[in-house]
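Structure assessment
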Amino acid sequence: MREEIRFATFNVCNLAPPGAQLYDNLPPLSEQEYEAKAAWTAQQLDQLDADVVAFQEIFSQAALRDVLSRTRKYQDAIHAGFDPDPHATRLTPNVALVSRLPLAAPPAVYAEFPQGVVSDSGNPDADRFARAPLHAQVVLRNETVVDVVVVHLKSRRPDYRRDDCGEDPLHFALANLRSLVWRGTEAVALRVLLSKVMKDGKRPCIVMGDFNDTADAVTTTIVLGANPSCEPGEALRGRMFDCAQIQLRQDHLRQVGYTTVHEGHYSTIDHVLVSEEFHPDSPRAIGAVYDVAYMNDHLSQQRPETSDHGQVLVRLRLK
């Protein structure tokens, strides 16, 4: 029987302790609201039952540890994450990783863009990642070490200047362009980082998180990468692949793969990407993406304690 490993990505939607002020237009959670959110998040985690989970919108790693303590399946899991900089001018959420599998090395965080990556968005803060990616080396049960990178790319929220008016069509359009340029630059920076990680480590790689764009968007395809090599057998090397596109259990009649609903529009902006070691056509494959599932029933319920994102669960089967 083939070994199965389960990976998932989970945007929890502003996980913070009760009373913590996050945004000017968002009131802090009350004790009762926090209890409901923590309980729902813990329940959702147990339902996912993934070996490795990537988290986004973590304003407090202590709050995440509290959630883990409420679960049945993750109380002894490894938790990797860093709290936001308390001295920053604006508090932003971080990412985190929880693994029931061991890590081969201490986790690393990449706040700055790699050398040579420069943003032209016009925002002085756009010279670094809005939310720093987290890198961990996860040891699978067959002793293979996999580089896992957790990401949360820049949101689609318009990036206004101080004197801009949101009702002005030009200001609104330019604000959206600034946000897109920042996210696009993050995609370039992430592609450079992934290329270095895969070249240096020569290990399989998995990238999970909230990309704030669909799988066929320009920003996501930048992260996926391309190999211009024409050498036989080299076309897949260095690239990433969307698990939803290469899964073995393709059933388009039952495909309900969406993770967000905005103004009645359903889209998938949360993804799990894998390197060629999990591509069925690669001669260097060590496994395959068997199935991709989406936990999104809660999106139609719109309860205040739930997330505004669905979760993505990927089942990998090792050779």
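Coordinates for the structure precede this section.
Our subject in this report is the structure included herewith. (Residues numbered from 1 in each chain as written. Predicted model: local features only at pLDDT ≥ 70, side-chain atom pairs only at ≥ 80, totals over all residues. Heavy atoms only, no water.)

**Digging into the overall build of the chain**
Spelled out, the test is: Each helix is a run of H or I in the DSSP string that is no shorter than four residues. Each strand is a run of E no shorter than two, and both are numbered from the N terminus. Both definitions apply: the radius of gyration is a C-alpha atom measure, and the globule rule equals 2.2 Å times residues to the power 0.38. Using a 1.4 Å probe on the protein chains alone, a residue whose accessible area is under 20% of its type maximum counts as buried, one over 50% counts as exposed, and one in between counts as partly exposed. Residues count as neighbours in contact if any of their non-hydrogen atoms are within 4.5 Å of one another. In this description, accessible areas are obtained by the Shrake-Rupley approach with a 1.4 Å probe, and a residue is regarded as covered only by the protein chains that are shown. Only four residue types enter the tally: Lys and Arg on the positive side, Asp and Glu on the negative side, with His and both chain ends excluded. Here the site of a charge means atom NZ of a Lys, CZ of an Arg, CG of an Asp or CD of a Glu.
Looking only at helices and strands, one finds six helices and 14 strands in the chain. Relative to the globule expectation of 20 Å for 319 residues, the C-alpha radius of gyration of the chain, 19 Å, shows essentially globular dimensions. Taking the principal axes of the C-alpha coordinates as reference, the chain spans close to 55 × 45 × 45 Å. Looking at the 319 residues of the chain, the share that counts as buried comes to 51%. Taking the intrachain contacts of the chain between residues at least 6 apart in sequence as the baseline, contacts between residues at least 24 apart amount to 72%. For the chain, the exposed area adds up to about 15,500 Å²; of that, 52% sits on carbon and sulfur atoms. If you average the places of the 33 positive and of the 43 negative side-chain charges in the chain, the two averages end up 5 Å apart.

**Some remarks on a nonpolar patch on the surface**
Just so we agree on the cut-off: Residues with no salt bridge and a relative accessible area higher than 30% make up the patches, which join like charges within 9 Å and nonpolar side chains (Val, Leu, Ile, Met, Phe, Trp, Tyr) within 5 Å. Salt bridge, as used here: a side-chain nitrogen of Lys or Arg that lies within 4 Å of a carboxyl oxygen of Asp or Glu.
A cluster of nonpolar side chains, namely Leu170, Leu174, Leu177 and Leu180, defines an oily patch on the protein surface of about 350 Å² accessible area. Turning to its location among the elements, Leu177 is positioned in helix H3 (residues 169-201).

**What about unusual backbone geometry?**
Here the phi dihedral of Glu57 falls at roughly 65°; this positive angle occurs in a residue that is not glycine. Topologically, Glu57 is positioned in strand S2 (residues 52-58). Of note, the phi angle at Glu143 is positive, near 75°, even though the residue is not glycine. Along the polypeptide, Glu143 turns up in the loop between strand S6 (134-139) and strand S7 (145-152).

**Notes on the packing of helix H1 (residues 31-48) against helix H2 (residues 61-69)**
Quick reminder of the rule: With axes taken as lines fitted to C-alpha atoms, and helix axes fitted only over the stretch in contact, angles between N-to-C directions fall between 0 and 180 degrees. Roughly parallel means an angle under 35 degrees; roughly antiparallel means over 145; roughly perpendicular covers 65 to 115; every other angle is labelled oblique. For a crossing to be left-handed, the near helix must be turned anticlockwise from the far one by less than a right angle; the clockwise case is right-handed.
In the contact formed by H1 and H2, the axes pass within 8 Å of each other and the chain directions differ by 60°. Judged by the inter-axis angle, H1 sits oblique to H2. Handedness of the crossing formed by H1 with H2: right-handed. Residues Tyr34, Ala38, Thr41, Ala42 and Leu45 of H1 touch H2, and the partners they reach there are Ala63, Asp66, Val67 and Leu68.

**Some remarks on the sheet that holds S2**
Here is the rule we go by: Should DSSP find at least two bridges between two strands, the strands are taken to pair.
Spatially, six strands are ordered S3-S4-S2-S1-S14-S13 in an open sheet, and the strand pairing comes out mixed. Whereas interior strands pair on both sides, the edge strands pair on one side only; in this sheet they are strand S3 (78-81) and strand S13 (287-295). Averaged over all pairs of adjacent strands, the angle between strand axes in this sheet comes to 15°, irrespective of strand direction. Bridge analysis of strand S1 (residues 3-15) against strand S14 (residues 311-318) gives seven bridges, and the strand direction is antiparallel. Residue pairing across strands places Thr9 opposite Val312, the latter belonging to S14. Of the strands in this sheet, S1, S2, S13 and S14 are in contact with H1, which crosses S1 at around 165°.

**Observations regarding the pairing of S1**
Here is the rule we go by: Convention used here: a crossover is right-handed provided that the path from the first strand, over the helix, to the second strand proceeds clockwise when the strands point away from the viewer.
With respect to burial, S1 is a largely interior element, 11 of its 13 residues being buried. Bridging between S1 and S2 involves six bridges; their strand directions are parallel. Across the sheet, the residue bridging to Phe7 is Val52, located in S2. Taken together, S1, H1 and S2 form a β-α-β motif whose crossover is right-handed.

**Description of the pattern of salt bridges**
Under the defined criterion, the tally for this structure stands at 19 salt bridges. With its nearest N and O atoms 3.1 Å apart, the salt bridge here joins Arg70 to Asp66. For Arg70, a relative accessible area of 32% puts it in the partly exposed group. Of the residues examined, Asp66 reaches a relative accessible area of 25% and is grouped as partly exposed. A salt bridge links Glu276 to Arg284; the nearest nitrogen and oxygen atoms lie 3.0 Å apart. Taking the relative accessible area as the measure of exposure, Glu276 reaches 3% and is therefore buried. A network of salt bridges, in which partner residues are shared, links Glu3, Asp49, Asp51, Lys73, Arg100 and Arg141.

**Remarks on the environment of Arg131**
Threshold: Polar contact is the term for a pair of N or O atoms within 3.5 Å; when the atoms are in protein, one must be able to donate a hydrogen and the other to accept it, and sequence-neighboring residues count only if both atoms are side-chain atoms.
Summarising the element assignment, Arg131 is placed in the loop between strand S5 (108-109) and S6. For Arg131, a relative accessible area of 10% puts it in the buried group. Separated by 39 residues in sequence, Arg131 and Thr92 have C-alpha atoms that sit 7.3 Å apart. In this view, Arg131 contacts Pro93, His152, Leu153, Lys154, Ser155, Glu186 and Asn212; residues no more than four positions away in its chain are not counted. Within the structure, the side chain of Arg131 is placed 3.2 Å from the side chain of His152, a separation counted as a polar contact.

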